[in-house]
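Listed here are the chains, written in short residue letters.
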Amino acid sequence: MLASQNAPALDIVDETFLAVPPGTVAAAFADPRSWARYWPDLVLEVYTDRGDQGLRWTVRGALVGTMEVWLEPVLDGTLLHYFLRATPETALRPRELRREFDRRARAAKTIALGLKQVLEDGRAPGVPPRAEQAG
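Described below are features of the structure shown in this document. Residue positions are given per chain, counting from 1 as you read along its sequence in written order. Residue-level local features of this predicted model are given only where pLDDT is at least 70; pairs of side-chain atoms are given and counted only at 80 or more, and the full residue set underlies all totals for whole chains, interfaces and linings. Side-chain descriptors were evaluated using all non-hydrogen atoms of the structure, hydrogens and water having been removed beforehand.

Time to look at the sheet that holds strand S5 (residues 77-88). Spatially, 5 strands are ordered S1-S5-S4-S3-S2 in an open sheet, and the strand pairing comes out antiparallel. Because the sheet does not close on itself, it has two edges, and the strands there are strand S1 (10-18) and strand S2 (42-49). Pairwise comparison of adjacent strand axes, ignoring direction, gives a mean angle of 20° for this sheet. For S1 and S5, the ladder comprises 9 bridges, and the chain directions are antiparallel. Note on S5: the bridge partner recorded for Asp14 is Tyr82. Only strands that DSSP links by at least two bridges are regarded as paired with each other. Starting at the N terminus, helices and strands are each numbered in turn, a helix being any DSSP run of H or I of at least four residues and a strand any DSSP run of E of at least two. Convention adopted: a line fitted to C-alpha atoms gives each axis, helices being fitted over their contacting stretch, and angles between N-to-C directions are expressed from 0 to 180 degrees.

What follows covers the side chain of Thr78. Locating Thr78 in the fold gives a position in strand S5. Categorising residues by exposure relies on relative accessible area from a 1.4 Å probe, with only protein chains included: less than 20% of the type maximum marks a residue as buried, more than 50% marks it as exposed, and the intermediate range marks it as partly exposed. Take Thr78: its relative accessible area is 0%, and that puts it in the buried class. Definition of a polar contact: a pair of N or O atoms within 3.5 Å, with one able to donate and the other able to accept a hydrogen when the atoms are protein atoms, and with sequence-neighbouring residues admitted only if both atoms are side-chain atoms. A distance of 2.7 Å separates the side chain of Thr78 from the backbone oxygen of Val20, its partner in a polar contact. The contact criterion used throughout is that any non-hydrogen atoms of two residues lie within 4.5 Å. Among residues more than four places away in sequence, those in contact with Thr78 are Thr16, Phe17, Leu18, Val20, Pro21, Pro22, Val25, Leu71 and Glu72.

Before going further, it helps to spend a moment on helix H3 (residues 94-120). For H3, built from 27 residues, the straight-helix expectation of 39 Å at 1.5 Å per residue is met to within 8% by its first-to-last C-alpha distance of 39 Å. For H3, the elements touching its buried residues are S1, helix H1 (22-30), helix H2 (32-38), S2, strand S4 (63-74) and S5. Expected span of a helix: the number of residues minus one, times 1.5 Å.

Pairing of aromatic side chains here covers Phe, Tyr and the six-membered ring of Trp, requires ring centres within 6.5 Å, and sorts the geometry by plane angle: under 30 degrees stacked, over 60 edge-to-face, intermediate tilted. Going through the model one piece at a time under the given rule, you end up with 6 aromatic pairs. Chaining the aromatic ring pairs together yields one cluster made of Phe29, Trp35, Tyr38, Trp39, Trp57 and Tyr82. Sitting over the ring of Tyr38, Arg37 keeps its end group 5.9 Å from the ring centre. In this scheme, the term charge over a ring applies when either NZ of a lysine or CZ of an arginine sits within 6 Å of the ring centre and within 35 degrees of the ring normal.

Backbone geometry follows two general trends: most residues other than glycine have a negative phi, and most peptide bonds adopt the trans configuration. In this structure, Leu75 takes a positive phi of about 50° despite not being glycine. Position of Leu75 relative to the elements: it lies in the loop between S4 and S5. Taking the relative accessible area as the measure of exposure, Leu75 reaches 86% and is therefore exposed. In the Ramachandran plot, Asp121 falls in the positive-phi region, its phi being about 50° despite a non-glycine side chain. In this structure, Asp121 sits in the loop between H3 and helix H4 (130-134).

Below, the discussion takes up the side chain of Glu100. Tracing the sequence through the fold places Glu100 in helix H3. Contact partners of Glu100, with chain neighbours within four places excluded, come to Leu10, Leu63 and Leu92.

Of all 12 residues in S5, 10 are buried, a share of seventy percent or more. Judged from the 12 bridges that link them, S4 and S5 form a sheet pairing that is antiparallel. From the neighbouring strand, Val74 faces S5, where its bridge partner is Gly77. Between the antiparallel neighbours S4 and S5 lie 2 residues, among them Leu75 with a positive phi of about 50°.

Here it is, written out as structure tokens:
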């Protein structure tokens, strides 16, 4: 059986609300140079660019599989959905695989919370962005 027919060893899902429009979040992922900062050990190739709705990539490098950032407009912001379905390039023991899962899940949340801090710039949900407050 081919490896691609097996279920991925890592199936990570994360969601984070950002009080900014989807286009603002999409811009953070638009530049391929940002991918190397977020995922330095992965080689990503876009297979679906959905604009303000996000990106889907094939993944190579330390992991082999797929990854997706789906940007869902919700209320006055964006729900950032993150999906990673991949298998480590080299076989890992069960304990190592659990550690890798935890490491990747924490890294996904760190990326999302970092974007939240930078993009929201202190804006609370329900409060207009700073530029709108001045008018």
